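# Survey of secondary and tertiary structure
Residues per chain are reported as follows:
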Amino acid sequence: MMALTQLAEPIEQTRPDATPAEPEKTTATPAAVVLTGPERALLRKVYDLIGPCIASTEYGIEYMARGYRSGCGGGFAYKCTKKRITAQWHEWIVTDRYPDGSVKKARKGRLLQDVSITYTRLAKWCDSLPEQVRAQALTWWRTYPEDMRDLPQLYRLTLEQLAEPEEPQLALW
């Protein structure tokens, strides 16, 4: 006869009708997406399109992707295609001026920079922003159930998020 103390493994008693314990649900925040300098510059130029993306990523990106949008001026030109935003910066050469000194005619010179960002990357960046920022953006974009829309505040918030990150200060000893 074997003694009970010789059992190597403990015996677990389970009821046949017991349900297994659910694993703990964790709401993992997306890893922060760090934009490159040229991507930040591009998004700062089209901040009015990026604000709605911060407020509602899916809606904002669908809005840009479903129609063809473009713009230019002063050597900068951008376009929104079905999959990305692309932009080019050209040298801006003034060829003629008015008597008051303002520009009368100018032309594009050499290409300085060509940048693009996919909507997938833009969505990941928007989703990685702090919840407080996204909630505030949604409030300033909202028109229903109450009209809370405040576009100047939304654009200001967007530009703050697109500001160049500060370099950490080295402690001087």
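Everything below is about the structure printed above this text.
Our subject in this report is the structure included herewith. Starting from 1, residues in each chain are numbered consecutively following that chain's sequence as written. Only residues with pLDDT of 70 or above have their local features reported here, since the model is predicted, and side-chain atom pairs are shown and tallied only from 80 upward, although totals for entire chains, interfaces and linings are computed over all residues. The side-chain quantities take in all heavy atoms of the structure and omit both hydrogens and water.

### Examining the pairing of strand S2 (residues 76-80)
Along a regular strand, successive side chains alternate from one face of the sheet to the other. Threshold: Relative accessibility decides the category of a residue: with a 1.4 Å probe and only protein chains considered, values under 20% of the type maximum give buried, values over 50% give exposed, and everything between is partly exposed. Labels follow the DSSP assignment, with helices taken as runs of H or I lasting at least four residues and strands as runs of E lasting at least two, numbered in each case from the N terminus. The pairing criterion is simple: DSSP has to find at least two bridges between the two strands.
The alternating pattern of S2 places Phe-76, Tyr-78 and Cys-80 on a buried face, while none of Ala-77 and Lys-79, on the opposite face, is buried. Alignment of strand S1 (residues 69-73) against S2, held across five bridges, turns out to be antiparallel. The partner of Gly-73 across the bridge, within S2, is Phe-76. Connecting S1 to the antiparallel partner S2 that follows it, the hairpin turn spans two residues, and Gly-74 within it adopts a positive phi of roughly 60°. Pairing of S2 with strand S3 (residues 84-97) involves five bridges; the strand directions are antiparallel. Within S3, the position partnered with Ala-77 by the bridge is Gln-88. With antiparallel pairing between neighbouring strands as the criterion, S2 and S3 make up a hairpin whose turn holds three residues.

### Comments concerning the pattern of salt bridges
Note the threshold: In what follows, salt bridge is the name for a side-chain nitrogen of Lys or Arg lying within 4 Å of a carboxyl oxygen of Asp or Glu.
Per the stated rule, a full pass over the model turns up six salt bridges. Notably, a salt bridge pairs Arg-66 with Glu-62, separated by 3.7 Å at the nearest N-O pair. You can see Arg-66 and its partner Glu-62 sitting in helix H3 (residues 57-66), four residues apart, about one turn around the helix. Here Arg-110 makes a salt bridge to Glu-91, at a shortest N to O gap of 3.9 Å. In this pair, Arg-110 is assigned in strand S4 (residues 103-118) and Glu-91 in strand S3, connecting sequence segments 19 residues apart. Residue class for Glu-91 comes out partly exposed when judged on its relative accessible area of 29%.

### Overview of the packing of aromatic side chains
The condition that has to hold: Any pair of Phe, Tyr and Trp rings, taking the six-membered ring for Trp, is counted once the centres come within 6.5 Å. Such a pair is stacked with planes under 30 degrees apart, edge-to-face with planes over 60 apart, and tilted for the rest.
Enumeration according to the criterion identifies five aromatic pairs in this entry. Taking 5.3 Å as the distance between ring centres and 75° as the angle between the ring planes, the aromatic pair formed by Tyr-47 and Tyr-155 counts as edge-to-face. Placement of Tyr-47 in helix H2 (residues 47-55) and of Tyr-155 in helix H6 (residues 151-161) is noted, with a sequence separation of 108 residues between them. Taking the relative accessible area as the measure of exposure, Tyr-47 reaches 30% and is therefore partly exposed.

All quantities given are derived from atomic positions and should not be read as evidence of function.
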